[in-house]
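What follows is each chain in one-letter form.
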Amino acid sequence: MQTQVYNSFLEATSNVFGLMMDLTDVTDAPVERFECNGELDIVIGVIGDLKGEVIYRFPHETSLGMVKIMSNMEFDAVDEFVISAISEIANIISGNVLTILSEKNLTCDILPPVQGMGKENADYSLQKICCMTTSVGDVGLEIRLNPAS
């Protein structure tokens, strides 16, 4: 199931980045490659057949580049507008993932995005950390889910 969930995230991310920002070069990369000194972490809670959270890690430079593409406006720093735009990207990707998973008979819903690190010290049976790379920059992803009991 972990591969199924992971592949759903890759597919949804590629689709959303392509539609929203015309980025067609989204690929997964070794997590060891993901480096950043400052990042914007957006947490999306998941409830339903799977429970837990997904943490999207956008380095500041990636965040600024993506928002520039979407808004055609230049930003010098991650501010409330950038946080809101990046949160919406994470929200849309997560919604697309759940649509893909519903086609595989997994019914889930998402909670509103929040900025933060997520729940520390929790155990998850489906846990995967990965990196996706684009021409705008890398995006980290940490999937932390458990099947519902």
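Since the model is a prediction, treat every value here as computed from it, not as a measurement.

(A) Molecular detail of the state of the cysteines. Within the structure shown, the criterion is met by zero disulfides. Free cysteine cysteine 130: the closest other cysteine sulfur is in cysteine 131, separated by 7.7 Å. Exposure remark for cysteine 130: the relative accessible area of 3% places this residue in the buried category.

(B) Highlighting the pattern of salt bridges. With the rule as written, the count across this model stands at six salt bridges. Where arginine 57 meets glutamate 142, a salt bridge forms, and the shortest distance between an N and an O atom there is 2.9 Å. Note that arginine 57 is positioned in strand β3 (residues 50–59) and glutamate 142 in strand β7 (residues 138–147), a separation of 85 residues in sequence. The residues arginine 57 and glutamate 142 share a single accessibility class, namely buried.

Scoring rules and cut-offs
Residues numbered from 1 in each chain as written. Predicted model: local features only at pLDDT ≥ 70, side-chain atom pairs only at ≥ 80, totals over all residues. Heavy atoms only, no water. Disulfide = S-S within 2.5 Å. Buried < 20%, exposed > 50% of the residue type's maximum accessible area, 1.4 Å probe, protein only. Salt bridge = Lys/Arg side-chain N within 4 Å of Asp/Glu carboxyl O. Helix = DSSP H or I, 4+ residues; strand = E, 2+ residues; numbered from the N terminus.

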